[in-house]
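Residue-level structure breakdown
The residues making up each chain are set out below.
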Amino acid sequence: WEYVQQFTEWVPYEHKVLGLVNGKHVPIPVTIDTVNELFNLNIQTTEEMDEWLKNEQIIPVDENGNPREPENSEEVALMRVGQRLYDLIFKP
């Protein structure tokens, strides 16, 4: 980094990706702001976000109702973000 800086002064830059979901531009990957915008919520902390996600997430189960490992990318996404976010952002 010091080597590069000797040749020029760098301009601060922050890259943000926005996705168009239901007519709204929201941050991608999903953040607290994404969830607040899409679902008209007021989540303020990571603890609140973790609790919201916990209520949304779908854990795959075997024929006996026991949790099991996901078998495909859809199940992985559902485990992480739940059905509603999956349908809005990831489902083709």
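All values reported here derive from a predicted model rather than from experimental measurement.

**Points about the overall build of the protein**
- Within the protein one finds four helices and two strands.
- Helices (α) and strands (β) of the protein occur, in sequence order from the N terminus, as α-β-β-α-α-α.
- The C-alpha radius of gyration computed for the protein amounts to 18 Å, which surpasses the reference 12 Å derived for 92 residues by more than 25%, pointing to a less compact arrangement than a globule.
- Seen along its three principal axes, the alpha-carbon backbone of the protein occupies a region of about 65 × 30 × 30 Å.
- Within the protein, the fraction of its 92 residues that count as buried is 23%.
- Considering only residue pairs separated by 6 or more positions, the protein has 29% of its internal contacts joining residues 24 or more positions apart.

**Regarding the pattern of salt bridges**
- Under the definition given, this model contains four salt bridges.
- One salt bridge in this structure joins Glu71 and Arg68, with 3.7 Å as the shortest N-O distance.
- The class for Arg68 is partly exposed, based on a relative accessible area of 24%.
- The residue Glu75 makes a salt bridge to Arg68 at a minimum N-O spacing of 2.9 Å.
- By sharing partners, the salt bridges in this structure join Arg68, Glu71 and Glu75 into a single network.

**Describing the nonpolar core**
- Val35, Leu38, Phe39, Trp52 and Leu85 are the most contacted members of the largest nonpolar core, which totals 14 residues.
- Ignoring anything within four residues of it in the chain, the contact list for Leu38 reads Val21, Lys24, Val26, Leu85, Leu88 and Ile89.

Cut-offs used in this document
Residues numbered from 1 in each chain as written. Predicted model: local features only at pLDDT ≥ 70, side-chain atom pairs only at ≥ 80, totals over all residues. Heavy atoms only, no water. Helix = DSSP H or I, 4+ residues; strand = E, 2+ residues; numbered from the N terminus. Rg over C-alpha atoms; globule rule 2.2 N^0.38 Å. Buried < 20%, exposed > 50% of the residue type's maximum accessible area, 1.4 Å probe, protein only. Contact = heavy atoms within 4.5 Å. Salt bridge = Lys/Arg side-chain N within 4 Å of Asp/Glu carboxyl O. Core = buried A, V, L, I, M, F, W, Y, C linked by side-chain atoms within 4.5 Å.

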